[in-house]
Amino acid sequence: MGIFSRKDTALAPAAQATAGPDLTALTGDYTIDPAHSTIGFVARHAMVTNVKGGFHDFTGTLHLDGADPARSTATLDVQMASIDTGNADRDGHLKSADFFKIEEFPAMTFRSTKAEALGGDDYRITGDLSLLGVTKQISIDLELNGSATDPFGNERVGFEGKTELLRSEWGLTWNAALETGGVLISDKIKLVFDISAIKNA
């Protein structure tokens, strides 16, 4: 995913000494740990408030190249039946033919195509998001949270990410008009990620 390489690696040795740790040691293959990760979304409801939700069932992999961010990659597979907004009736509607049609399209997938270091702990990954048989490109802004070895000896990396998209571009067009004007559900959806990944042995 290229989130563990810094643009300042080309600085003179004296400058490098103050630029932070050398993160090239994090290069390798990782598996996302769903027990310590979240994939969520936020939608405007009735023009006045936000409804938040997430997915409980997902898998993903990272290949991090600390020396060359452009060679890093990421994959993500989300099972749409695991959607949870804290309301069973609403979740059932989201799983139906009005929205995600989970029997026909059980998964949402992301496959990266590009990774960039933006400076400091900020990065951006671009890739193809596939949902309801439609594939569109999105870019996700990332912030590196750090790396650590956990009490079980696992090498972990963590980052937060966010992006915005228009659900109508994937064919999610169901809505209802409000008597006061506007619509029940916003077209703009915010996706948020809080990811912990374990380095493969």
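None of the values given here were measured: they were computed from a predicted structure. (Residues numbered from 1 in each chain as written. Predicted model: local features only at pLDDT ≥ 70, side-chain atom pairs only at ≥ 80, totals over all residues. Heavy atoms only, no water.)

## Regarding the pattern of salt bridges
As enumerated under the stated definition, the model contains six salt bridges in all. Taking the shortest distance from any N to any O, the salt bridge between Asp141 and Arg124 comes out at 2.7 Å. Pair noted here: Asp141 is in strand β9 (residues 134-149) and Arg124 is in strand β8 (residues 122-131), with a separation of 17 residues, a long-range link. Of the residues examined, Arg124 reaches a relative accessible area of 29% and is grouped as partly exposed. (Salt bridge = Lys/Arg side-chain N within 4 Å of Asp/Glu carboxyl O. Helix = DSSP H or I, 4+ residues; strand = E, 2+ residues; numbered from the N terminus. Buried < 20%, exposed > 50% of the residue type's maximum accessible area, 1.4 Å probe, protein only.)

## Looking at the environment of Asp194
With respect to the helices, strands and loops of the structure, Asp194 is situated in strand β11 (residues 185-199). When its relative accessible area of 35% is taken as the criterion, Asp194 is described as partly exposed. Each C-alpha atom of the pair Asp194 and Asn145 lies 9.5 Å from the other, and the pair is 49 residues apart in sequence. Every residue in contact with Asp194, bar those within four places of it in the chain, is listed here: His36, Ser37, Thr38, Asn145, Phe159 and Glu160. (Contact = heavy atoms within 4.5 Å.)

## What to know about empty space enclosed by the protein
Applying the stated criterion across every chain, the model contains one cavity of 30 Å³ or more. Taken as a whole, the largest cavity holds about 220 Å³ of empty space. When contributions to the lining of the largest cavity are tallied by element, the ones reaching two or more residues are β5 (73-79), β7 (107-119), β8, β9 and β11. Here the lining of the largest cavity gets four residues from one element, more than from any other, and that element is β5. (1 Å grid on protein atoms, 1.4 Å probe; cavity = no way out; pocket = protein on both sides within 12 Å on 5 of 7 lines; lining within 4 Å. Points joined across faces, edges and corners; volume = space filled by probe spheres on them.)

## Details of the side chain of Ser72
Turning to its location among the elements, Ser72 is positioned in the loop between β4 (58-64) and β5. The class of Ser72 is buried, set by a relative accessible area of 4%. Within the structure, the side chain of Ser72 is placed 2.7 Å from the backbone nitrogen of Asp65, a separation counted as a polar contact. (Polar contact = N/O pair within 3.5 Å; in protein donor to acceptor, adjacent residues only side chain to side chain.)

## A look at a negative patch on the surface
The grouping of Asp122, Glu143, Glu160 and Asp194 at the surface amounts to a negative patch. Mapping Glu143 onto the fold places it in strand β9. (Patch = residues over 30% accessible without salt bridge, like charges linked within 9 Å, V, L, I, M, F, W, Y side chains within 5 Å. Areas by Shrake-Rupley, 256 points an atom, 1.4 Å probe, with all protein chains shown as cover. Lys, Arg positive; Asp, Glu negative; His and termini not counted. Charge placed at Lys NZ, Arg CZ, Asp CG, Glu CD.)

## Some details on the nonpolar core
In globular proteins that are soluble, nonpolar side chains generally tend to be buried together. Within the largest apolar cluster, 43 residues are counted, with the highest numbers of intra-cluster contacts made by Ile39, Phe55, Leu76, Val78, Met80, Phe100 and Leu131. Tallying contributions element by element places β11 first for this core, with six residues. (Core = buried A, V, L, I, M, F, W, Y, C linked by side-chain atoms within 4.5 Å.)

## Topic: the layout of surface pockets
Reported here for the largest pocket is a volume of approximately 510 Å³. Forming the walls of the largest pocket are 24 residues, and the residues nearest its centre are Phe41, Ala43, Leu94, Phe99 and Ile185. When residues of the lining of the largest pocket are traced back to their parent elements, those giving at least two are β2 (38-45), β3 (49-55), α2 (88-95), β8 and β11. The element that contributes the greatest number of residues to the lining of the largest pocket is β2, accounting for four residues.

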